[in-house]
Structures are given as C-alpha cells and as structure tokens.
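Architecture and fold: a report
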Amino acid sequence: MSMYGRDPWGGPLEICPDSATDDDRSRNLDIDRGALSRTLDETQQSWLLAGPGDQGRKKKKYVDIGCLVVSRKLFVWTLGVLLAAAVFAGVVAGIAKAIPRRHRPTPPPDDYTVALHKALMFFNAQRSGKLPKHNNVHWRGNSCLKDGLSDPAVRRSLVGGYYDAGDAVKHNFPAAFSMTLLSWSVIEYSAKYEAVGELGHVRDIIKWGADYFLKTFNSTADSIDRVIAQVGSAAMSPGSTQPNDRYCWMRPEDIDYPRPVVECHACSDLAAEMAAALAAASIVFKDNKAYSQKLVHGAATLFQFARDRRGRYSAGGSDAAKFYNSTSYWDEFVWGSSWMYLATGNSSYLTLATHPKLAKHAGAFWGGPDYGVFSWDNKLTGAQVLLSRLRLFLSPGYPYEEMLRTFHNQTSIIMCSYLPIFKSFNRTKGGLIQLNHGKPQPLQYVVNAAFLASVFSDYLEAADTPGWYCGPHFYSIEVLRSFARTQIEYILGKNPLKMSYVVGFGNHYPKHVHHRGASIPKNGVHYGCKGGWKWRDTKKPNPNTIVGAMVAGPDRHDGFKDVRKNYNYTEATLAGNAGLVAALVALSGEGHGVDKNTMFSAVPPMFPSPPPPPAPWKP
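Rules behind the numbers
- Residues numbered from 1 in each chain as written.
- Predicted model: local features only at pLDDT ≥ 70, side-chain atom pairs only at ≥ 80, totals over all residues.
- Heavy atoms only, no water.
- UniProt positions renumbered as here; feature names shortened; annotations may be inferred.
- Disulfide = S-S within 2.5 Å.
- Helix = DSSP H or I, 4+ residues; strand = E, 2+ residues; numbered from the N terminus.
- Buried < 20%, exposed > 50% of the residue type's maximum accessible area, 1.4 Å probe, protein only.
- Contact = heavy atoms within 4.5 Å.
- Phe/Tyr/Trp six-rings, centres within 6.5 Å; stacked < 30°, edge-to-face > 60°.
- Expected span 1.5 Å × (residues − 1).

The name that an unreviewed UniProt entry assigns to the chain is Endoglucanase, with the source organism given as Urochloa decumbens. Looking at the chain in UniProt, the text filed under Sequence similarities (unreviewed entry) is "Belongs to the glycosyl hydrolase 9 (cellulase E) family." Per its UniProt entry, the chain bears the Catalytic activity (unreviewed entry) comment "Endohydrolysis of (1->4)-beta-D-glucosidic linkages in cellulose, lichenin and cereal beta-D-glucans."

Regarding the state of the cysteines
A covalent bond between the sulfur atoms of two cysteines is referred to as a disulfide. Following the criterion strictly, the structure yields two disulfides and no others. Two residues, Cys248 and Cys529, share a disulfide whose sulfurs are 2.0 Å apart. Linking Cys248 and Cys529, the disulfide has an S-S dihedral of approximately -90° and is accordingly described as left-handed. With Cys248 in the loop between strand S6 (227–231) and strand S7 (261–264) and Cys529 in the loop between helix H18 (516–519) and helix H19 (533–537), the pair connects residues that are 281 residues apart, well separated along the chain. No difference in accessibility class separates Cys248 from Cys529, as the two residues are buried. Residue pairing for Cys416: its cysteine sulfur links by disulfide to Cys470, the two sulfurs lying 1.9 Å apart. Residues Cys416 and Cys470 are joined by a disulfide whose S-S torsion is about -100°; by sign, that bridge is left-handed. Pair noted here: Cys416 is in helix H15 (residues 401–418) and Cys470 is in strand S8 (residues 467–470), with a separation of 54 residues, a long-range link. The exposure class of Cys470 is buried, given its relative accessible area of 5%. Once the bonded cysteines of the chain are numbered in order along the sequence, the disulfide links fall as 1-4, 2-3.

Structural notes on the side chain of His408
Relative to the elements of secondary structure, His408 occurs in helix H15. Beyond its immediate stretch of four places on either side in the chain, His408 contacts Ser388, Arg391, Leu392 and Phe456.

Here we look at the packing of aromatic side chains
Summed over all chains, the structure comprises 28 aromatic pairs. Plain terms: the ring middles of Tyr418 and Phe483 are 5.2 Å apart, the flat faces sit at 15° to each other, and that makes the pair stacked. Here Phe483 lies in helix H17 (residues 477–492) and Tyr418 lies in helix H15, a separation of 65 residues in the sequence. There is no split in this pair, since Tyr418 and Phe483 are both buried.

Here we look at H17
Between its first and last C-alpha atoms H17 spans 23 Å; for 16 residues at 1.5 Å apiece the expected length is 22 Å, and the two agree. For H17, the secondary structure elements touched by its buried residues are helix H6 (111–125), H15, helix H16 (443–462), S8, strand S9 (473–476) and helix H21 (574–587). At the C-terminal side of H17, Gly493 shows a positive phi close to 135°.

Right, here's the structure in full:
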C-alpha cells in the first residue's frame, strides 16, 4: 500500500516501502519525469546538485528558525547585539540605582505663610493661667491663678483665657469676637492650616478661649441670669493711685493686687457674641462629639439669655465703655443667630437671622460712615458675608431667599467700597485704606476687611462666578484679591517707612511694643506696681520679643512712632491679631480654596416650603 503527498515543487510524490528495489525506484522516477521538467530556482537547484559535503556546508551558512531561514552570520550578529544591549541596560540601571537621588527642594513658604506662623505665636504670649508645657514663649509663665476665687462676690475659678492687649485685663467681648473669627478661618481653610503644620496649634488656641468662656457662666444649665464680662480693671480716675491693671506696670506673673470681676445681668451683645464663639468652635471640633455638643449647649444657653435680657454690656459708663464700648446689640443678634443655625441646623435661628425687622435694626438697609467696617463692635458686615455663603452654596429658597438676596447685594456693595476706584474710604499716600477715617489704631479694621474680601472672592470662585457687579461695571474676583494682598503687604513692609508692623517679621519692625510682659526682663527680680515703671519709660528696646504681634499701626500720614508709652501706635490686641491670622491664611498657599461642606455639617437637607397660594381672583 502506498501513500501520496505533494513534493516541494508541486508534483506528486510516491513514498515506497523500504523493500523496493533500485529498479523499482528508477521505474518510478521515469514515470515522474514531468515533475523534473519544472523550472527550479537557484536555491532548489543547489540542493539537488550539491553533493553530500556541499549540502553540509550550505546548511552551516543558514539557520532555520521555523517560519524563516536567515544567514547564520546575521543571526549570530543580531543575537550578540541584543545580548550586549541587555547587558548595557542592566549596567546603566544599576549605576542609576547606586547614585543617591537628589529631590527637588520644596519652594520656600510665601510671606503670608511665614507671617502666619508668627501671628499665631502672639496668642501664646497672651495666655493667662497655668500654661501648657508646649506654650513656646520662654519669657511667659503661670499667672493670675486666683482669678475669680479672690473676688468675694464670685468665689469660683475664672483662671485661664487671654489677656486682651498690653495689660492684664481679660475683656470677654473682644476676646469672644477673636475666637469666632479664628474659628471661621479654620472652618474655611483647615486644609491650608494643615498644609503648613498649624492646624493643631490654631485649634489649641481656640480651645483655650472656649474652655475659659464655659467658666464665665453656668454652662450646664438651660437658663442663666448672669455672665462674666471682665476680669481685672483698667479704670483710672484722675489722681488715683489705686493699683490695677492699668496703673501698675508689672509682668502678669508678678501681679499681687486685687483683680475684680465684672458680672453682667443684661448684656445681649456680649452674650450673643460669646454664643457665636462657642457655636463656631463647635464646628471646628465636630470630630470630638462630646466636646462639640458641650459647646453647642453653652452657646444655646447664652443666646437665649441674650434674647431674654436685653441691654448693652457697656451701658452706664462702665469700665468696659472706656475701652470696648458696644454701640448696639442688633448686629450681634444677626451674627449670633447665623452661627447658631450653622452649629445646630435649627431653622428657627435662620428665621431670626433673616427677619427684616432685625436686619433693619442692625442697619442692613442704610449706609453711614462706618457701613462695611467689620470689627469687634460691628458684626453686621461679617454676618452678611456669612449669609451670602449660605445663599451661594445651599440656596434655601422661600421663605429666606428675599432677605438672603438683600444681604448678598449689600455684601457686593461693601466689596465695591473697598476698591480704590470708589471713594467710600480714603487712603494714605502709601495705599492703606482708612476704614476708621484716620483715627488711631487702623490696622485691626484693615485686616478684617482683607479677610472678608479674600473669603468672599473664594466663595464666588467656588460657586463658578468670575466676579460681581458694582453698578453697571463688572469686576473680577482677582480685583478683590488684589485689594486684600496690597493691604496685607503694606502691613508686612511695603509702605513708605519700609517697616513691618508684625513683630518678628522682616528686619525692620517695632522694638518698643506697648506690652508689660515683653518690656520687663525675666531675671528673677519681682518688680512691683511702680517698680516696673522704669521699664515702661526706658528708651531701650523690649528685652523680650513678642513674636507675631501686629501693633496698632501708622497714622493717616503713614507715620509711625515706635514709642512704648504711645499705645495708639505700638499696642497689639487679640482682635487685631485674630483678623491678621484670618487674612494671612486666606491669602497663603496656592490651589486651596474654601471648604464648602464643613460649614454645613450640622445643617439638614433643605426642602423649601412652597410659597403661599395667590389671593383669590376678584373680577
């Protein structure tokens, strides 16, 4: 039996068994001569004609790699090149791993960030009570550890809190505003604080203030009839030599004179501001549920007290009226109820904050020389910006929309008044806006405006709004940020005197700050009430640098007197530094806007009530 196939050249091929004879093979070849008549190419002929020795040599010249027959030389050369390339690549990779990597150095922090680190240190220098080990101000120590306990009318501990300025008085009204402002900045810019390593520090600063406020009233009760307004006294009658926090020039650590406590039984402005401070802090500490709820409960108690017992805390020519006189409590109602709503989500607070009569009493519908000036006394501008945020991001609709739109429009007008093209406020030749109309201590108002301009521009950007209208003219948010930057840069040294008004920032800053603790050396000597006067009156620089303190600032002619006794130039305050910190963090860094969501963490989803039906039609 035979098998058939096709030979390489296309003809039939008979495979004979091994037993076939030579004659049979010859016969078969004769029969298949047609196959040999085909034209063969050169390679095929060489295979047929070559002898056994030639075929071996030919095979050595070629390599069969399956689907392709290539020259052996070419194959060997290609394989060698590939192996050499692999070896070379391995050597290069090894060398690259052996060489130590040099990471690109991180860019140096911007001036705003550097100043921010320093500005926060001021609060460490102002702490009262038993200081924590990490306070980092070497010339400060424990002080006034008998506050409250030594007053026969109080007999409870009021240790802690912050000294307001260069003396040792604890004024709760501006201190509460300072803590509210710091909390607002943390809620908006926690990512920025964290990026520069200051989030823990600023939270610690806020908690130090909040813990003290909880001591100033019965924070566990649902209703109260009094609240502490002040610890210490700076009142001086003509010719008086009675030792107190103004007459004496002493380190707080050495104070040995009585420190009276001022209680208030009708103080809507103070209580509403303290409620705002605790409410804002409760959002900052929302990660600590128990503490946050404690702050919210205290805030609710204070706000109810503010509503029930109407009155100004500084009425009647009190000690506070000479230093921190409150002109009204209506703005604190708008401000406090706004923060209470954000902290609780209780819509009754939002209903109050957007009540037209309350807004009218607070002055939301009229101008005046101080309209748009945000300060420890006037919270209306801050409240309007805060409520504009609510409209931009949540848009609660009816029945709040009408007043929220009004607040938003008023905020836009205020932002217009900050721009140089408008003449609502004068400017010095050096470019500093005169929000207090040329009166002393201008910088505390400037930094607050810089913060509001920065945060409002960030609101607009987060809401995909490129700018806002001033009348028929449209201005981009960059114009608003430019205003904030130029004002802060003036404070940091871009002014006619080339002086930084933040102590420790730059090379040229005030050396004679009006501050008792900074001006008296920590040398183990106890300087009594009058013993410290020599340090007050000396022309030598302060022995202790109160890092980060923003002084009161220049006059309306860009002039500045670095004189310790002239507090209108050289005194620093809690409220001023709180505004500075808020403005600096808002302007610092790149790529971080506001945190849109944390502010509303306690606000439930909004399902606006439908508007009332129209009146029945009458022919």
